[in-house]
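Residue-level listing of the chains:
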Amino acid sequence: MRPIVAYISEKALAHNLARVRQYAPESKVISVVKANAYGHGLLNAARGLKETDAFAVLNISEAVTLRDAGYQHPILLLEGVFSAEEIAQVDRYRLDMVISHRGQLQWLLEYQVNLPVRVYLKLDSGMHRLGFQPSAYQAALDQLAASGNVSEIVLMTHFANSDIADGVTQAITIVGQVMPIQPYKRSLANSAAIVQQPHTHADWVRPGIMLYGATPIADKTAVSLGLQPVMTLQSGLIGVQEIQAGESVGYGSLFTADKPIRVGIVACGYADGYPRHAPTGTPAAVNGVLTRTLGRVSMDMLAVDITDIPDANIGSRVELWGSLVPVDAVAQASGTIGYELLCAVTARVPMHVID
Ligand SMILES: *Cc1c(COP(=O)(O)O)cnc(C)c1O
């Protein structure tokens, strides 16, 4: 067996969910498990998050996976349905749905549902991605309120800039102008808003990334937010090289030693989801000791500096990210965000749920 594995900590998921409740004690929690639970495995994550009040997914098949595994929670389709036919599945599997355009609204109103559906009516508060324009929102709300197919309407928006300290001011002004105060509940906040925009918490918060123990905010670490990493991407050394000053490592000879060093070859590459753009100096840990990558990441391997880790040898354990090496640090070195790295772990990496 190739030594690479992604460990998924159920305990860390439960801890991070509890942390969400500390940040937003008055709100119910919709745990966002789209994108295969940000790469952690949908059912792995659902188990650790079973105390949540609801789940949110991207599409029907993820929702059905949860229902088939026995989850009775409300399950929200974050982008609603993609065709009129899918309303039948919403009805059959008792799903909640976002409605963000007139087509979705018509599809729901025209279908004869067995059980009325809880609807999240999405307002475009400035992100200009999905949602009704402010001028069209009230009419959509009136139509839904008059329909026997609707059990409850939750007013919803998604922020473009909640990761910036004063980034929601404009959006909140629009929300205040457009959303009636009574009698509807609201859902506004993603992870960044949960940790730094308490006035947006409202009735239902929608955390994603923070549940997985990565930071939603560029200048704050996950540890400083009280979050625990859920995924440990671990592998092992499958080669050791002693190289002399002037010799290079890997494709393109991007790294050249300026003194004699020991190099460890790790069984992890971009085909496992490790970022190819990670430069020399990206953090990694060997035998629990922090060190750095060297040279270019290959498809199935990468190199690390083990000069100062004399006990490191073939078979030694390597943490690519986890509690010693925050995924956010690898992301920052590679010019991306933790979200992308976690989602990108590929299917050939075995996942094991621990604790
Ligand atoms: C993905 C998503 C979230 C979660 O966002 P995080 O930044 O991961 O917390 C919340 N709401 C909507 C509509 C989303 O698409």
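Anyway, here's the lowdown on the structure attached to this text. (Residues numbered from 1 in each chain as written. Predicted model: local features only at pLDDT ≥ 70, side-chain atom pairs only at ≥ 80, totals over all residues. Heavy atoms only, no water.)

Scanning the protein from N- to C-terminus turns up eleven helices and 18 strands. Principal axes of the C-alpha set define a box for the protein whose edges measure 75 × 40 × 35 Å. Burial status across the protein gives 52% buried among its 355 residues. Side-chain charges in the protein split into 26 positive and 31 negative, and the spacing between the mean points of these groups amounts to 3 Å. (Helix = DSSP H or I, 4+ residues; strand = E, 2+ residues; numbered from the N terminus. Buried < 20%, exposed > 50% of the residue type's maximum accessible area, 1.4 Å probe, protein only. Lys, Arg positive; Asp, Glu negative; His and termini not counted. Charge placed at Lys NZ, Arg CZ, Asp CG, Glu CD.)

Quick look at the site of the ligand now. Close to the ligand lie 13 residues; K34, Y38, S191, I209 and Y339 are nearest. In this structure, H158 approaches the ligand through a side-chain N or O atom, which is 3.4 Å from a nitrogen atom. Notes on the ligand: free accessible area 380 Å², of which the protein chains cover 92%. Class assignment of the residues belonging to the shell around the ligand gives a composition of seven nonpolar, four polar and two charged. (Near = heavy atom within 4 Å. Polar contact = N/O pair within 3.5 Å; in protein donor to acceptor, adjacent residues only side chain to side chain. Areas by Shrake-Rupley, 256 points an atom, 1.4 Å probe, with all protein chains shown as cover. Nonpolar A, V, L, I, M, F, W, Y, C, P; charged D, E, K, R; others polar.)

The subject of this paragraph is the environment of V249. Mapped onto the elements, V249 comes out in strand β11 (residues 248-249). Residue V249 is classed as buried on the basis of its relative accessible area, which comes to 9%. The spacing of V249 and V263 is 14 residues in sequence and 8.4 Å in space, taken between C-alpha atoms. Not counting chain neighbours up to four residues away, the residues in contact with V249 comprise I243, L254, F255, V263, L294, G295 and A303. (Contact = heavy atoms within 4.5 Å.)

Now for the side chain of E10. You can see E10 is positioned in helix α1 (residues 10-23). On the accessibility criterion, E10 (17% relative accessible area) is buried. Here R47 takes part through its side chain, which lies 3.4 Å from a polar atom of the side chain of E10. Discounting chain neighbours no more than four positions away, the residues touching E10 are R47, G48, K50, V353, I354 and D355.

Of all hydrophobic cores here, the largest spans 108 residues; its most connected members are L108, Y212 and W321. The contact partners of W321, leaving out residues within four places of it in the chain, are M231, T232, L233, G273, Y274, P275, P326, V327, V330, L341, L342 and V345. Grouped together as the second largest cluster of nonpolar side chains are nine residues, A257, I261, I265 and L294 included. (Core = buried A, V, L, I, M, F, W, Y, C linked by side-chain atoms within 4.5 Å.)

Bringing the pattern of salt bridges into the picture now. All told, the structure shown has nine salt bridges when counted by the stated rule. Between R118 and D96 there is a salt bridge; the shortest N-O distance is 2.8 Å. Of this pair, R118 sits in strand β6 (residues 117-123) while D96 is found in strand β5 (residues 96-99), placing the two residues 22 residues apart along the sequence. Overall, the relative accessible area of 7% leaves D96 in the buried class. Taken together, the salt bridges that share partners define one network made up of R2, D272, D300 and R348. (Salt bridge = Lys/Arg side-chain N within 4 Å of Asp/Glu carboxyl O.)

Don't take any of this as a statement about function, it's just geometry.
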